[in-house]
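Chains, contacts and geometry: an overview
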Amino acid sequence: MLPRISATHVSVKSFERNRVVPRLPSAFMVDGYEPPIIEAKWQQRWAADGFYNVENDDPRPHWYTLCMYPYPSGAAHMGHVRNYTFGDLIVRYRTMNGYAVLSPMGFDSFGLPAENAAIKTGRHPREFTDERIEMLRSSILRIGAVYDWRRQVTSHSAEYQKWTQWIFLKFLEAGLAYRRNAPVNWCPGCQTVLANEQVNADGTCDRSGDIVEKRDLEQWFLKITDYAQQLLDDLDDLDWPERVKIMQRNWIGRSEGAEFSMAVVDASGQPRSDGTSIKVFTTRPDTSFGMTYAVMAPEHPLVDVVVTDDRRAEVSAFVATARKASDVERMSSEGSLDKRGVFTGSYVLNPFSKDPVPLYLADYVLMGYGTGAIMAVPAEDQRDWDFAKAHDLPILRTIQPPADFDGEAFTGDGLHINSGFLDGMGKTESIAAAIAFLESEGIGKGTINFRLRDWLVSRQRFWGCPIPVINCDDCGMVPVPEADLPVLAPDDVEFLPTGESPLGLHAGFFETSCPKCGKPAHRETDTMDTFVDSSWYYLRFCDPWNTEQPFSTEAVNAWMPVDQYIGGVEHAILHLMYARFFTKALSDLGVAPANLREPFTRLFTQGMIRLDGDKMSKSKGNLVAPEEILDTDGADALRLAHLFVGPPQDDVDWEGVGIDGCSRFLHRVWRLALGETGSAPADRAPNERDTELERRTNRLIVKVTDDYERWAYNTTVAAFMEFTNELYRYVQTDEGPRKATLDAAIDTLMLLMAPMAPHITAELQEMRHGDDIHRLSWPVADESMLAVEFVTLVVQVNGKVRDRIEVPAETDAATAEAIALASEKVQAHLGGVPPRKVICKPPTLVNLVAG
RNA sequence: GUCGGAGUGGCGGAAUUGGCAUACGCGCUAGACUAAGGAUCUAGUGCCCGCAAGGGCGUGGGGGUUCAAGUCCCCCCUCCGACACCA
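Presented here is a report on the structure given in the accompanying data block. Everything quoted here is computed from the prediction, not taken from an experiment.

Scanning the model with the defined rule gives 48 aromatic pairs in all. Centroid distance Trp42 to Trp46: 6.3 Å. Interplanar angle 40°. Geometry classified as tilted. Residue Trp42 and its partner Trp46 are both found in helix H3 (residues 35-49); the two are separated by four residues, about one turn of the helix. Summarising the burial analysis for this pair, Trp42 and Trp46 share the class buried. Ring plane angle 80° and centroid distance 5.9 Å describe the contact between Tyr537 and Tyr538, whose orientation is recorded as edge-to-face. Feature note: the residues Phe86, Tyr93, Phe604, Tyr708, Trp711, Tyr713 and Trp778 constitute an aromatic cluster, connected by ring pairs. Looking at Arg94, its charged tip hangs above the ring of Trp63, at a distance of 4.0 Å from the centre. The aromatic ring of Tyr728 is capped on one face by Arg668, whose charged end is 4.0 Å from the ring centroid.

Shown next, in the form of structure tokens:
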């Protein structure tokens, strides 16, 4: 019987035509291991028997394993294979350890590719998406991963959209969702707004190549900044990779400082009649005496007020340029700082020195951070230094730099000078004193600033979840009543290559009536960022059948928080931050349980797959398709290869993934388990060699269990190979194997390998014993068999290994020293002189320090 | 620029707590089986000197701590990733 292999790989015609050697299972002719056949068999059985479907009231202890739900891009690629291999082995391992494991799968099914395809082909994105979901689903099945498919969630389904919109309305009601004008990326070629990820690094449009501009448009935001401090604080308790936590901390960007107002004055220090002042934020209020000018962002609302008439023309020109400038131009103007700022003609009064200092506009000050204006202290800030040099502004040191300091701005700590009442103080002390001064003067206070901005969630797109709001000329913005949810995008739409969302052009969707007054009104045509969908899907998995609410608190309590979340490190910031924000907000709104403050207890971020150093992706055209390997070497070999290639968190180069070695190993296991290698087993009392193998078997249980717990899967596979090599030697000895010993060794190996190579172990277990390996319990080592009888005593002279001696494991220090000194090799290196010092770590090491 | 991660044989990597560097696999070499081998089995394989016994060197580079350093400390180099004017 031939294994089922797709015709293109074995047909003689294709062989001759392509002159390519077809990829055949390396050893299928010599043993009965035919992965495509047994894998299909077991996958069908797992799908049919529902063993991995779990109920919320399952009496076993609960465990929730989740892989980040994928965007349905078609057949699975190697990144999926890697991700789901990790997830699946945990599901199977935890199940064998007696847990009820929730392992759901769903699809992040809104997004641009489907919409772009619709524009290209005219097909509705839903059709396209549903098709892709089926492709991905079936190729995930072929990896052998098991899920509770009853719980599948797709973000474009009507039910899911209904609850996404319901949650949005809750946020709106609570003031967590709001609308305001914001600058967005506008592509003049496509006549539409672009998401940041659609803008290339050089500031051009991903699709048309036009230079993207900034435009002000009404946009929807979610108030994640309300949670900035909590999002920062709660990171500490999460069992997450440290680098992800660091990235999140940096993204939140908390900084302590002070905020204070300065009166706008003329050159002589006379305040304006309207009493205008500007507010600045600084982290270094202690350096205020060194402020020799101040700067506002070009977008600052007071620009028009403070600019003097003689400067107006120049300032207006500067503001216009700065606003129009793309990010590219802003960056390329580096080095020409004189052109990146302009004097307003006004001054502000330095409240510390009481001196008037010039007020500038410069594009290095951002409206979106702090107050949009700064005090400039060139002596202690390098950007201010550079700007001061370019504009011939004075520089006054307020901190004494060390004698050997040869830099420009000095940002370190030191004693204050030229600083009035702060003179002689260090940094910490003077910051406190400066804040106290601002407060006593009533012009400022200590404040905390975050870099984190509110989350812009509106997208001018069709293929996303519509924002459930109606705009009425009389009533303004009116939420869609809950009974009318979900608001769904229409089916009969035309996709034009203009880039404009078809929702606004579709009268049936756009034209509606106001739920409040009943007059004609218009639907909101913006849809939500797909990150909104992925911010709560893990909650829906707990209760996917609920038609009354997005999920019940009981169901969520049964599983949340996720015990193990697995995904790519590319989501380290946005997705994980948004999901954490949603969990906290839903908890505060009473939708999620009050005590659920974090969604993901443990996070694992896997490395990327590269090909010759490049990130493997469809757009780069360097994909290695898993299908071919699944058709030949099989899913188990592919899974093992992914696990064996290196530590799970590291990036891997596809070249290094050794399928052949893993396939060969599985064939070896197959032949061993079915007695196709070595001498016939005998029934006998255990001899020394048998007992040693039993000890090794028990040690393997300990080693592998430990490895599973600490994600050291590459060394687990190595241990399996090592053990199998040992068994080969064992069965090939003259006296042959002892049946009971060999069977126990192989049975144990099967159990330990089952989560990683689920098909072959299931098949062999069934052939050997007629039962189902995945329903058996994880093995426990026999403590009495873990002892080691003999160990190698390493003898060093001056730290260099000079001899190795087998000694009983219970050898004590004195004996070890005596044995070491008795070694001829050691004596030769000591040169007959007794050692000056002896370090003894019995029973494995003695280091003799020569005199 | 700032922050983070990494650098070990020809290659992927192992060494969990400062204690035998290079487990396991790939590749390569030799042998066995064979009509044949891109199958299978067995053995060898860090580099240098040496017939061998043995010796020397060796974890990006330089210094240090220690009886002992891939592992700890300081400086430097290279590569990768994230954020990029955040006051």
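Turning to the nonpolar core, a few remarks are in order. Core analysis: the biggest nonpolar cluster contains 88 residues, and Tyr538 and Phe582 have the highest contact counts within it. In contact with Phe582, not counting residues within four places along its chain, are Ile167, Phe171, Leu222, Trp455, Val532, Ser535, Trp536 and Tyr538. Counting 84 residues, the second largest nonpolar core, distinct from the first, contains Leu672, Ala719, Ile760 and Leu764.

This paragraph deals with the protein's contact with RNA strand B. Taken together, 56 residues sit near RNA strand B, with Thr283, Arg340, Arg383, Arg668 and Asn847 positioned nearest. Tyr364 places a main-chain nitrogen or oxygen 2.7 Å from a sugar or linking oxygen of RNA strand B. With respect to RNA strand B, the side chain of Asp706 contributes an N or O atom lying 3.0 Å from a base nitrogen. No other element matches helix H24 (residues 713-731), which puts seven residues into the surface near RNA strand B.

A few words on unusual backbone geometry. The omega angle of the peptide bond from Leu485 to Pro486 is -5°, so this bond is cis rather than trans. You can see Pro486 is positioned in the loop between strand S18 (476-479) and helix H15 (507-510). With an omega of -5°, the peptide bond running from Met560 to Pro561 counts as cis. When you line up the elements, Pro561 lands in the loop between helix H18 (553-559) and strand S22 (564-568). Backbone geometry places Asn418, a non-glycine residue, at a positive phi of 50°. In this fold, Asn418 is placed in the loop between helix H13 (382-390) and helix H14 (427-441). In this structure, Trp711 takes a positive phi of about 60° despite not being glycine. Within the secondary structure, Trp711 is located in the loop between helix H23 (688-709) and H24. Classification of Trp711 as buried rests on a relative accessible area of 11%.

A separate point is the packing of helix H9 (residues 242-252) against helix H19 (residues 574-588). Where H9 meets H19, the axes come as close as 10 Å, and the angle between the chain directions of the two elements is 75°. Between H9 and H19, the interaxial angle falls into the category roughly perpendicular. Every residue of H19 that contacts H9 at Val244, Gln248, Trp251 and Ile252 is listed here: Leu574, Leu576, Met577 and Arg580. Grouping the constituent residues of the contact of H9 with H19 by class yields six nonpolar, one polar and one charged.

This next bit is on the side chain of Glu598. With respect to the helices and strands, Glu598 occurs in the loop between H19 and strand S23 (603-606). The class for Glu598 is buried, based on a relative accessible area of 11%. Here Arg580 takes part through its side chain, which lies 2.8 Å from a polar atom of the side chain of Glu598. At a separation of 3.0 Å, a polar atom in the side chain of Glu598 contacts the side chain of Lys584.

A separate point is the sheet that holds strand S30 (residues 845-849). Sheets are built from strands paired through backbone hydrogen bonds, the pairs being either parallel or antiparallel. Reading across the sheet, the four strands line up as S28-S27-S30-S29 and stay open at both edges, with mixed pairing between neighbours. Sheet topology places strand S28 (800-808) and strand S29 (837-841) at the edges, where each strand pairs with a single neighbour. On average, each strand axis in the sheet is tilted by 15° relative to the strand beside it, whichever way the strands run. Bridge count between strand S27 (residues 790-797) and S30: four bridges; the pairing is parallel. Bridging from a neighbouring strand, Val794 pairs with Leu845 of S30.

Glancing now at the side chain of Thr741. Locating Thr741 in the fold gives a position in helix H25 (residues 739-753). Classification of Thr741 by relative accessible area gives buried; the value is 2%.

So, about helix H4 (residues 78-96). In this model, H4 (19 residues) spans 27 Å end to end at C-alpha, consistent with the 27 Å of a helix rising 1.5 Å per residue. In terms of burial, H4 is a largely internal element, 18 of the 19 residues being buried. Once H4 ends, the next one or two residues include Gly98, with phi positive near 95°.

In this section: the pairing of strand S11 (residues 341-349). Most of S11 sits out of view: eight of its nine residues are buried. Two elements, strand S8 (residues 255-265) and S11, share two bridges in a ladder whose sense is antiparallel. Looking at S11, one finds that Val265 is bridged to Tyr347. In terms of strand pairing, S11 meets strand S12 (residues 356-362) through six bridges, oriented antiparallel. For Val348, the partnering residue across the bridge sits in S12 and is Val357. Hairpin connection, S11 to S12: the antiparallel pair is bridged by six residues, and Lys354 has positive phi, about 65°.

Conventions we followed
- Residues numbered from 1 in each chain as written.
- Chains lettered and ligands numbered in written order.
- Predicted model: local features only at pLDDT ≥ 70, side-chain atom pairs only at ≥ 80, totals over all residues.
- Heavy atoms only, no water.
- Phe/Tyr/Trp six-rings, centres within 6.5 Å; stacked < 30°, edge-to-face > 60°.
- Helix = DSSP H or I, 4+ residues; strand = E, 2+ residues; numbered from the N terminus.
- Buried < 20%, exposed > 50% of the residue type's maximum accessible area, 1.4 Å probe, protein only.
- Lys NZ or Arg CZ within 6 Å of the ring centre and 35° of its normal.
- Core = buried A, V, L, I, M, F, W, Y, C linked by side-chain atoms within 4.5 Å.
- Contact = heavy atoms within 4.5 Å.
- Near = heavy atom within 4 Å.
- Polar contact = N/O pair within 3.5 Å; in protein donor to acceptor, adjacent residues only side chain to side chain.
- Axes fitted to C-alpha atoms, helices over the stretch in contact; angles between N-to-C directions.
- Parallel < 35°, antiparallel > 145°, perpendicular 65-115°, else oblique.
- Nonpolar A, V, L, I, M, F, W, Y, C, P; charged D, E, K, R; others polar.
- Pairing = 2+ DSSP bridges.
- Expected span 1.5 Å × (residues − 1).

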